[in-house]
Amino acid sequence: MVKVVEQTKTKVVEQLAATIKKKRIGILGGTFNPPHIGHLIMADQVMTQLGLDRVLFMPDANPPHVDRKVAIDASDRVKMVSASIADNPNFGIELAEIQRGGVSYTYDTMLELKRKHPENEYYFIIGGDMVDYLPKWHRIDDLVKLVQFVGIRRENYPVTSKYPVLWVDIPLIDISSTMIRSRVRQGQSIRYFVKDPVAKYIKERQLYHE
């Protein structure tokens with residue numbers, strides 16, 4: 001009896017959501033090791049150019065990359081993302097992958113988010129270099145039914161794909177998390193590469209020094 005009630009409740013919620021104008025939510029996933037100014041510019045440009053309601057930054061637990069990145073503890077990355085976006089009410093943080101743990105497959109995450117938030121339309125933001133890898137993504141043919149991919153144009157990368165991709169032009173910001181970690185190890189300044197609270201957090205916690 002309980003199961004029937006739950007199913008009926010879910011169906012009512014889905015029907016109600018269908019009658020309401022859906023919110024357009026951007027998702028910017030990544031390791032954010034650490035988050036930097038390029039991430040913020042990318043999120044802001046996509047949000048304003050596509051007229052999205054919000055952009056959620058989604059740190060991954062364990063990215064399913066062939067060249068596995070060695071990331072610091074997830075709690076440190078979450079705190080730095082939170083510090084980076086604190087002054088922008090249109091930015092938020094989505095902890096679905098951190099809370100689930102294990103390997104972070106985008107399909108599993110977005111299926112979970114769509115079930116929890118049928119009132120949202122999701123726009124998944126990726127760099128132009130990642131578009132080439134879409135055929136290798138876990139359950140990509142099912143994933144494209146859950147989200148609209150947004151590709152950031154990059155020099156020397158084609159703007160074509162067998163999958164539906166919305167392309168956005170943003171200024172080239174040649175900053176990477178790898179570069180920032182290297183600069184920290186070398187004792188160089190990372191001011192303006194990351195938000196001030198993030199630089200302070202890295203220094204206080206002595207992150208990336210080894």
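Residues numbered from 1 in each chain as written. Predicted model: local features only at pLDDT ≥ 70, side-chain atom pairs only at ≥ 80, totals over all residues. Heavy atoms only, no water.

Peer 1: How should the overall build of the protein chain be read in this particular structure?
Peer 2: Of regular secondary structure, the protein chain possesses nine helices and six strands. A total of 210 residues make up the protein chain; the buried ones form 41% of that total. Long-range contacts, defined here as pairs at least 24 residues apart, represent 69% of the contacts in the protein chain between residues at least 6 apart. Counting only carbon and sulfur atoms, one obtains 52% of the accessible surface of the protein chain, whose full area is about 12,200 Å². (Helix = DSSP H or I, 4+ residues; strand = E, 2+ residues; numbered from the N terminus. Buried < 20%, exposed > 50% of the residue type's maximum accessible area, 1.4 Å probe, protein only. Contact = heavy atoms within 4.5 Å. Areas by Shrake-Rupley, 256 points an atom, 1.4 Å probe, with all protein chains shown as cover.)

Peer 1: How do you make sense of the side chain of arginine 181 when you look at a structure like this?
Peer 2: With respect to the helices, strands and loops of the structure, arginine 181 is situated in helix H8 (residues 177–185). Overall, arginine 181 belongs to the buried group, its relative accessible area being 19%.

Peer 1: Please clarify how the nonpolar core should be interpreted in this entry.
Peer 2: One recurring pattern in soluble globular proteins is that nonpolar side chains are buried together. Membership of the largest hydrophobic core comes to 23 residues, with the highest contact counts inside it found for Met110, Phe124, Leu134 and Phe149. Among the secondary structure elements, those contributing two or more residues to this core are strand S1 (23–30), strand S2 (54–59), helix H5 (106–116), strand S4 (120–127), helix H7 (140–143) and strand S6 (165–168). When sequence neighbours within four positions are dropped, the list of residues in contact with leucine 134 reads Ile126, Ile140, Phe149, Ser161, Tyr163 and Val165. Judged by nonpolar contacts, the second largest core, of 20 residues, contains Ala43, Val46, Val55 and Val168. (Core = buried A, V, L, I, M, F, W, Y, C linked by side-chain atoms within 4.5 Å.)

Peer 1: Teacher, can you tell me more about the packing of aromatic side chains here?
Peer 2: Ring pairs (aromatic) are described by centroid distance and by the angle formed between their planes. As enumerated under the stated definition, the model contains five aromatic pairs in all. Taken together, a centroid distance of 5.2 Å and an interplanar angle of 65 degrees make the contact between phenylalanine 57 and phenylalanine 91 edge-to-face. Highlighted residues: phenylalanine 57 in strand S2 and phenylalanine 91 in strand S3 (residues 91–93), separated in sequence by 34 residues. For the pair phenylalanine 57 and phenylalanine 91, one class covers both residues: buried. Ring geometry for phenylalanine 124 against tryptophan 137: centres 6.1 Å apart, planes inclined by 90 degrees, an arrangement best described as edge-to-face. Here tryptophan 137 lies in the loop between helix H6 (128–131) and H7 and phenylalanine 124 lies in strand S4, a separation of 13 residues in the sequence. Residue classification places tryptophan 137 among the buried positions, given a relative accessible area of 17%. Aromatic ring contacts, followed pair by pair, group Phe32, Phe57 and Phe91 into a single cluster. (Phe/Tyr/Trp six-rings, centres within 6.5 Å; stacked < 30°, edge-to-face > 60°.)

Peer 1: Would you mind showing me how to read the environment of phenylalanine 32 here?
Peer 2: Mapped onto the fold, phenylalanine 32 is located in the loop between S1 and helix H2 (37–50). Exposure remark for phenylalanine 32: the relative accessible area of 3% places this residue in the buried category. Sequence separation between phenylalanine 32 and methionine 58 is 26 residues, and the spatial gap between their C-alpha atoms is 8.8 Å. Residues in contact with phenylalanine 32, not counting those within four places in the same chain, are His39, Phe57, Met58, Pro59, Arg77 and Val81.

Peer 1: How should the pattern of salt bridges be read in this particular structure?
Peer 2: Opposite charge on two side chains makes pairing possible when the charged atoms of those side chains draw close. Enumeration over the complete set of coordinates arrives at eight salt bridges. The salt bridge partner of aspartate 76 is arginine 205, with a shortest N-O separation of 3.2 Å. Linking aspartate 76 in helix H3 (residues 74–85) with arginine 205 in helix H9 (residues 196–205), this pair joins segments that are 129 residues apart in sequence. Residue aspartate 76 is classed as buried on the basis of its relative accessible area of 6%. Of the charged contacts in the structure, one is a salt bridge between lysine 116 and glutamate 112, with a shortest N-O distance of 3.1 Å. Taken together, the residues lysine 116 and glutamate 112, both in helix H5 and four residues apart, mark about one turn of the helix. Judged by relative accessible area, glutamate 112 falls into the partly exposed class, the value being 21%. Among the charged side chains, a salt-bridge network with shared partners connects Arg100, Glu112 and Lys116. (Salt bridge = Lys/Arg side-chain N within 4 Å of Asp/Glu carboxyl O.)

Functional significance is not addressed by these values, which are geometric in nature.
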